[in-house]
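In case you want the letters, here they are:
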Amino acid sequence: MSLRPAIFLDRDGVLNEIVERDGKPASPRTPQELAVVAEAPDALAALRDMGFALFVVTNQPDVRRGLMTDAALDAIHAKLTSILKVEEVAACRHDNADACACRKPKPGLILDLAARHGIDVSRSWMIGDQDRDVACGQAAGCATLLLSRPYNSGANAGATGTIESLSQAIPVIAKTCAPALMNGTRRVY
Ligand SMILES: [Mg+2]
Ligand SMILES: [Zn+2]
């Protein structure tokens, strides 16, 4: 079986709205706090139609920090995947002190998904809203798109491209893959 290209999507600030806690960008801790970004369903459908497998790769240290339960995180992901069609949500539930291989900016989440789902990382993209997402994608061998936000360093992150909203990823990725699109097929590869 030939390897497939994929889009690896960060969760917070990309697929769901950031929750502001104590004036800082934070993650939802209950399904009620999870607000899916309005354009995300259509954007993901478009990327899937272009031939990409879709995965979520997310750091979720709040369980480890005693701020929420594993069950709450599972419930949040159940709600997320009831709205957004992705093949798998891969979450690192560790904290820095655990020195795991999967907490972004380490590439473990992507490399594990790629191995288990037959993904060609060299034809894949990581989309995130933090510098650590860009670093993770680069370490895994993917192209990267950074959502420009007040809380990241933007141009300093060294991403393949910078976008203002998730839907802007579609023309950027389509342009990169234009030759295949011009062959009369909707599949990019
Ligand atoms: Mg994020
Ligand atoms: Zn981890």
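Throughout what follows, the structure given in this document is the object of discussion. (Residues numbered from 1 in each chain as written. Chains lettered and ligands numbered in written order. Predicted model: local features only at pLDDT ≥ 70, side-chain atom pairs only at ≥ 80, totals over all residues.)

**Some words on the nonpolar core**
Okay, step 1: One finds Phe8, Ile110 and Trp125 to be the most contacted residues of the largest nonpolar core, which totals 46 residues.
Okay, step 2: Those residues in contact with Ile110, other than ones at most four positions away along the chain, are Phe8, Val57, Val121, Met126, Cys136, Ala140 and Cys142. (Core = buried A, V, L, I, M, F, W, Y, C linked by C-beta atoms within 7 Å. Buried ≥ 20, exposed ≤ 12 C-beta atoms within 10 Å, placed from the backbone. Contact = placed C-beta atoms within 7 Å.)

**Examining the environment of Pro150**
Okay, step 1: With respect to the helices, strands and loops of the structure, Pro150 is situated in the loop between strand S7 (143-147) and strand S8 (161-163).
Okay, step 2: Note on Pro150: 6 C-beta atoms within 10 Å, which makes it exposed.
Okay, step 3: As a C-alpha pair, Pro150 and Asp120 span 30 residues in sequence and 32 Å in three-dimensional space. (Helix = DSSP H or I, 4+ residues; strand = E, 2+ residues; numbered from the N terminus.)

**As for unusual backbone geometry**
Okay, step 1: Omega for the peptide link from Lys104 to Pro105 comes to 20°, which places this bond in the cis form.
Okay, step 2: Take Pro105: it is sitting in the loop between strand S5 (88-92) and helix H3 (108-117).
Okay, step 3: Although it is not a glycine, Asp22 adopts a positive phi angle of roughly 55°.
Okay, step 4: In this structure, Asp22 sits in the loop between strand S2 (19-21) and strand S3 (24-26).
Okay, step 5: Take Asp22: there are 5 C-beta atoms within 10 Å of it, and that puts it in the exposed class.

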